[in-house]
Amino acid sequence: MNFVIFPMFFASSALYPLWHVKEASLLLYEICEINPFTHAVELIRFALYGQLESTSAIVFVVTTAIF
């Protein structure tokens, strides 16, 4: 269980915003972009500001439908 969850958690925007990750490493940014957990975190982060991130919403819905 930890073998799957921890890499997904650390390779997402849960700890650092996505734009900080992009400034630090483009490779890590690309990995974060394909991680569905990143998009779930981004939906929650933007919802707190009263905004909707459409790309994250689409990825989240598609991933949920697949699983």
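Structural notes, computed from the coordinates. (Residues numbered from 1 in each chain as written. Predicted model: local features only at pLDDT ≥ 70, side-chain atom pairs only at ≥ 80, totals over all residues. Heavy atoms only, no water.)

Another aspect to go through is the overall build of the chain. Across its full length, the chain holds five helices and zero strands. Ordered by position in the sequence, the α and β elements of the chain form the string α-α-α-α-α. The C-alpha extent of the chain, read off along each of the three principal axes, is 30 × 25 × 15 Å. Burial status across the chain gives 25% buried among its 67 residues. Pairs at least 24 residues apart make up 42% of the contacts formed inside the chain by residues separated by at least 6 positions. In the structure as shown, the chain presents an accessible area of about 5,100 Å², 73% of it carried by carbon and sulfur atoms. (Helix = DSSP H or I, 4+ residues; strand = E, 2+ residues; numbered from the N terminus. Buried < 20%, exposed > 50% of the residue type's maximum accessible area, 1.4 Å probe, protein only. Contact = heavy atoms within 4.5 Å. Areas by Shrake-Rupley, 256 points an atom, 1.4 Å probe, with all protein chains shown as cover.)

It is worth spelling out the pattern of salt bridges at this point. Opposite charge on two side chains permits them to pair, given that their charged atoms come into close proximity. Applying the stated rule across the entire model yields one salt bridge. Of the charged contacts, one joins arginine 45 and glutamate 42 as a salt bridge, the two residues approaching to 2.9 Å between their closest N and O atoms. With a gap of three residues between them, arginine 45 and glutamate 42 both fall in helix α4 (residues 36–48), about one helical turn apart. (Salt bridge = Lys/Arg side-chain N within 4 Å of Asp/Glu carboxyl O.)

So, on to the packing of α4 against helix α5 (residues 54–66). The N-to-C vectors of α4 and α5 enclose an angle of 130 degrees; their axes lie 9 Å apart at closest approach. Relative to α5, the element α4 lies oblique. Here the hand of the crossing between α4 and α5 comes out left-handed. Taken together, the residues of α5 that come into contact with α4 (itself represented by Pro36, His39, Ala40, Glu42 and Leu43) are Ser56, Ala57, Val59, Phe60 and Thr63. (Axes fitted to C-alpha atoms, helices over the stretch in contact; angles between N-to-C directions. Parallel < 35°, antiparallel > 145°, perpendicular 65-115°, else oblique. Left-handed = near helix turned anticlockwise from the far one by under 90°.)

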